[in-house]
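# Remarks on the overall topology
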Amino acid sequence: MGSESGRVKRGEQSRISQWLRRRQKPTAEDPVAEREALLLGVAAAGLPLAPAAHPAGYRCSCDRIGCPTPARHPVSFAWQTQSTTDRAQVERWARNEPQANFITATGMVHDVLDVPLEAGTDALARLLEAGIEVGPVAESGGTGDQARMLFFTATRGTPEDEDEWWPCALDCHPETMDEHPGLRWHCRGSYVLVPPAALPGDQAVSWIRGIEHTLPDPLTLLETLTDACAAYADTTDRAPATVAWPLGRG
């Protein structure tokens, strides 16, 4: 998918907001309609989606024994090519797979800066107080380092020269998340769950700031997030916060 097919620009925000307002507002008694509306809102904002696994009790719906990321991974190995913003396809997936979570492929339209929840909460307050533009933000539940905050940003991973690509897998991979307790930069070759998503243990992924917010340049958030992760590492008496991102970024 080329950048022109989905990149969220400032001029498109009113269109997305109008689309969201035109949607029939789902009620608390209609979680299926609410789920579909939220997923279609993500697709309308240009973020490519693909189906993911879901909880099966305290385990994962996939057949993998001892799945390292239960309910947090795509169901298809072809998720990068499968990911789409096509409304009709997203509707079919949502209706035919009512329990499925969804991932969004990063590094095409957007990146995600992924930090511990405590550090993210502090950083978000500091960013907003400083008047810095913050885009969509999601909270991913869990215990310990699995409780995360996801800052959605514009991608910096679309250079004209293909040789300049720095895929996320060279630094970290979604299935090695426990090895990176600090800041993770999800870019090309990576993905994150999008709200609404259910996790084992009655945890969830939900929006704190919705998809209608403009995607900022990740570098405008990076210093504050890195500082918050370092402070979090100090207060939890752990090793210095790991920063897992593509080294080729300026």
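Up top is the structure.
Keep in mind that this is a model prediction, so the values were computed, not measured. (Residues numbered from 1 in each chain as written. Predicted model: local features only at pLDDT ≥ 70, side-chain atom pairs only at ≥ 80, totals over all residues. Heavy atoms only, no water.)

## Brief notes about the overall build of the chain
To be explicit about the condition: By the criteria applied, helices consist of DSSP H or I runs no shorter than four residues and strands consist of E runs no shorter than two, each listed in order from the N terminus. We call a residue buried when its accessible area falls under 20% of the maximum for its residue type, exposed when it is over 50%, and partly exposed in between, using a 1.4 Å probe and counting protein chains only. Two residues form a contact once any of their heavy atoms are found within 4.5 Å. Only the protein chains shown count as cover for residues, with accessible areas throughout obtained via the Shrake-Rupley method and a probe of 1.4 Å.
Within the chain, the secondary structure is distributed over six helices and twelve strands. In the chain, buried positions account for 48% of the 250 residues. Long-range pairs, those at least 24 residues apart, make up 78% of the contacts in the chain with a sequence separation of at least 6. Entry remark: accessible area of the chain is about 12300 Å², with carbon and sulfur atoms responsible for 50%.

## Points about the pattern of salt bridges
Note the following rule: Criterion for a salt bridge: a side-chain nitrogen of Lys or Arg within 4 Å of a carboxyl oxygen of Asp or Glu.
Summed over the entire model, instances satisfying the criterion amount to seven salt bridges. In this structure, D217 and R156 form a salt bridge, with 3.2 Å as the shortest nitrogen-oxygen distance. Pair noted here: D217 is in the loop between β11 (203–209) and α6 (219–235) and R156 is in the loop between β7 (148–154) and β8 (183–186), with a separation of 61 residues, a long-range link. If you follow the salt bridges from partner to partner, you end up with E36, R87, E91 and R95 in one network.

## Some remarks on the environment of A33
With respect to the helices and strands, A33 occurs in helix α2 (residues 31–44). Sequence-wise, A33 and R95 are 62 residues apart; in three dimensions their C-alpha atoms are separated by 9.6 Å.

## Details of α2
What sets the pattern is the α-helix's 3.6 residues per turn: residues three or four places apart point alike. Threshold: A helix is expected to span 1.5 Å for every residue after the first.
Its 14 residues place the ends of α2 20 Å apart at the C-alpha level, agreeing with the 20 Å of an ideal helix rising 1.5 Å per residue. Every buried residue of α2 is listed here: R35, E36, A37, L39, L40, G41, V42 and A43.

## Topic: the side chain of D114
The criterion, for reference: Nitrogen and oxygen atoms within 3.5 Å of one another constitute a polar contact, given that in protein one can donate a hydrogen and the other can accept it, and given that sequence-neighbouring residues count only through two side-chain atoms.
Residue placement: D114 occurs in strand β5 (residues 110–116). The class of D114 is buried, set by a relative accessible area of 4%. A polar atom in the side chain of D114 sits 2.6 Å from the side chain of R148. Here the side chain of D114 touches H186 through a polar contact of 2.9 Å, side chain to side chain. The residues contacting D114, other than those within four sequence positions of it, are R148, M149, L150, G182, L183, R184 and H186.

## Focus: the packing of helix α5 (residues 117–129) against α6
Each pair of packed helices can be summarised by the angle the axes make with each other and by the distance between the axes. To keep it simple, the criterion reads: Geometry is summarised by axes, namely lines fitted to C-alpha atoms with helices restricted to the contacting stretch, and by angles between N-to-C directions that run from 0 to 180 degrees. When an angle is under 35 degrees it counts as roughly parallel; over 145 it counts as roughly antiparallel; between 65 and 115 it counts as roughly perpendicular; any other value is oblique. Crossing handedness is defined as follows: a turn of the near helix away from the far one that is anticlockwise and smaller than a right angle gives a left-handed crossing, while the clockwise case is right-handed. Gly is put with the polar residues, along with every residue not named as nonpolar or charged; the nonpolar set is Ala, Val, Leu, Ile, Met, Phe, Trp, Tyr, Cys and Pro, and the charged set is Asp, Glu, Lys and Arg.
Interhelical geometry of α5 versus α6 gives an angle of 140 degrees and a closest axis separation of 8 Å. Relative to α6, α5 is oriented oblique. As α5 packs across α6, the resulting crossing turns out to be right-handed. Each of E118, A119, D122, A123, R126 and L127 in α5 lies in contact with α6, whose residues at this interface are T220, L221, T224, L225, D227, A228, C229, Y232 and T235. Split by residue class, the contact of α5 with α6 holds eight nonpolar, three polar and four charged.

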